[in-house]
Amino acid sequence: IAKCLATKMPVELARCVTDPICLANLLCIQTCTDRPDEGTCQIACGDKFADTVVEDFTRAAVTEKGCVPQRQDDGSYPVPKPEALVSSFT
């Protein structure tokens, strides 16, 4: 991940590590690695340390540049049948 961040998004990475909140988010996420609740931990980090720099960095790393691998859907939460959905909210 680090190599991808440095090569594919150096500007976003530099902006993040010079922003105290974004840097705190990165450090927090590092404490989540290999924990049984890794995903929950990472979300908690994002909740604790959020600003526009974190948002821009995360969008670039996850979506735009693909530096953060995504888990494939394992079917744990299947899509409900259409008849189970509410057609409109009032």
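Just above, that's the structure.
Residues numbered from 1 in each chain as written. Predicted model: local features only at pLDDT ≥ 70, side-chain atom pairs only at ≥ 80, totals over all residues. Heavy atoms only, no water.

Asks: When you look at the nonpolar core in this model, what are you seeing that I'm missing?
Replies: Considering soluble globular proteins, one finds that nonpolar side chains tend to be buried as a cluster. Ranked by size, the top nonpolar core spans twelve residues in total: Cys4, Leu5, Met9, Cys16, Cys22, Leu26, Val53, Val54, Phe57, Ala60, Ala61 and Cys67. Elements with a contribution of two residues or more to this core: helix H1 (2-8), helix H3 (20-30) and helix H5 (52-64). The element best represented in this core is H5, accounting for five residues. Sequence-distant contacts of Cys4, that is, excluding residues within four places in its chain, are made with Met9, Lys65 and Cys67. (Core = buried A, V, L, I, M, F, W, Y, C linked by side-chain atoms within 4.5 Å. Buried < 20%, exposed > 50% of the residue type's maximum accessible area, 1.4 Å probe, protein only. Helix = DSSP H or I, 4+ residues; strand = E, 2+ residues; numbered from the N terminus. Contact = heavy atoms within 4.5 Å.)

Asks: I would appreciate a short explanation of the pattern of salt bridges in the present structure.
Replies: Once the charged atoms of two side chains with opposite charge are near each other, the side chains can pair. Per the counting criterion, the structure on display carries five salt bridges. Ionic pairing is found between Glu55 and Arg59, a salt bridge with its closest N-O pair at 3.7 Å. Of this pair, Glu55 and Arg59 both sit in helix H5, four residues apart, roughly one helical turn. Taking relative accessible area as the criterion, Glu55 reaches 47% and is therefore assigned partly exposed. In this structure, Arg59 and Asp56 form a salt bridge, with 2.7 Å as the shortest nitrogen-oxygen distance. (Salt bridge = Lys/Arg side-chain N within 4 Å of Asp/Glu carboxyl O.)

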